[in-house]
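Below are the chains, spelled out letter by letter.
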Amino acid sequence: MKKNSRFLSPSLLSADFSDLTSAFKFIEEKGSSFVHVDVMDGHFVPQVSYGQPVISSIRKCTKLPFDVHLMIERPENSIVSYIESGADFVTFHIEATCHADRCVQLVHDAGKKAGIALCPATPLSAVEELLPFVDIVLVMSVNPGWGGQKLIPYTIEKIRKLADIQREKNFKYLISVDGGINQETLEDVLEAGTDIVVSGSSFFRGNLEWK
Ligand code: DX5
Ligand code: ZN
């Protein structure tokens, strides 16, 4: 994962699960770098999506890395099992654990990339100590839990601040943005300094042109 490249990570949440073969074909044809896999536990967010058995099963559908976004409480209890299921990057929420450093270490000990995610209203100061160590910082640009929402404009400022910190301190993390990315908002988030663009509903509707 190199800086100064831009990566598309389509969110499977908006795929047609009755025809995953076509969904993965579409993902690969559109120049995607990763597949974004949203895990929801019905506690951190109200809905339940899929977990380890489903991830293991769909792992064989593509060679693209799995960018797993854990929207689950107490990720320290199951983070290793998501790696065993096939996650290449594991991103957990700072709001979901008081053991964030342990989570990062567990992911790194398994030789994988660790990401930290922030809900829209969570300030960057909440993850300040971790910034030198993480591989990805995921800025939620909508409230987590559902696809198809509108981007919350103030989150773009958070991307910009993260990009400034990264430049000033020479940190290696990539900035990922998740939620409400469509053709109109894409330019704004890229201009602010996003490295990884997650897109679900617009991508699968065929409304996101990626160059
Ligand atoms: C929302 C998920 C997202 C979601 C994005 O909680 O984390 O990855 O699938 O969907 P869109 O692009 O439709 O906002
Ligand atoms: Zn996500």
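The shown structure was predicted, so the numbers you read here are calculated from the model rather than taken from an experiment.

1. Quick look at the site of ligand 1
Item 1. In the vicinity of ligand 1, 19 residues are found, and the nearest of them are Ser11, Gly145, Gly148, Asp178 and Ser201.
Item 2. Contact between ligand 1 and His36: an oxygen atom at 3.4 Å from a side-chain N or O atom of the residue.
Item 3. For ligand 1, an oxygen atom lies 2.7 Å from a polar atom in the side chain of Asp178.
Item 4. Put simply, the parts of the chain that give the shell around ligand 1 at least two residues each are strand S2 (35-40), strand S3 (66-71) and strand S8 (196-199).
Item 5. By residue class, the composition of the shell around ligand 1 is six nonpolar, 11 polar and two charged.

2. Topic: helix H4 (residues 100-109)
Item 1. Of the positions making up H4, those classed as buried are Ala100, Cys103, Val104 and Val107. Projected down its long axis, H4 shows its buried positions confined to an angular sector of 100°, all on one face.
Item 2. Tucked into the core, H4 has its buried residues touching helix H3 (79-85), strand S4 (89-93) and strand S5 (113-118).
Item 3. Immediately downstream of H4, the backbone of Gly111 shows phi near 80°, a positive value.

3. Focus on the UniProt feature "active site" (unreviewed entry) in the protein
Item 1. Look at the UniProt record and you will see "active site" (unreviewed entry) annotated at Asp38 and Asp178. Across 141 residues in sequence, these annotated residues keep their C-alpha atoms within 10.6 Å of one another, forming a single compact spot.
Item 2. Within the fold, Asp38 resides in strand S2.
Item 3. If near-sequence neighbours (up to four positions away) are discounted, Asp38 is found in contact with Ser11, Leu13, Ser49, Tyr50, His69, Met71 and Asp178.
Item 4. For Asp38, the side chain forms a polar contact with the side chain of Ser11, separated by 2.7 Å.

About the cut-offs
Residues numbered from 1 in each chain as written. Chains lettered and ligands numbered in written order. Predicted model: local features only at pLDDT ≥ 70, side-chain atom pairs only at ≥ 80, totals over all residues. Heavy atoms only, no water. Near = heavy atom within 4 Å. Polar contact = N/O pair within 3.5 Å; in protein donor to acceptor, adjacent residues only side chain to side chain. Helix = DSSP H or I, 4+ residues; strand = E, 2+ residues; numbered from the N terminus. Nonpolar A, V, L, I, M, F, W, Y, C, P; charged D, E, K, R; others polar. Buried < 20%, exposed > 50% of the residue type's maximum accessible area, 1.4 Å probe, protein only. Arc of directions from axis to C-beta. Contact = heavy atoms within 4.5 Å. UniProt positions renumbered as here; feature names shortened; annotations may be inferred.

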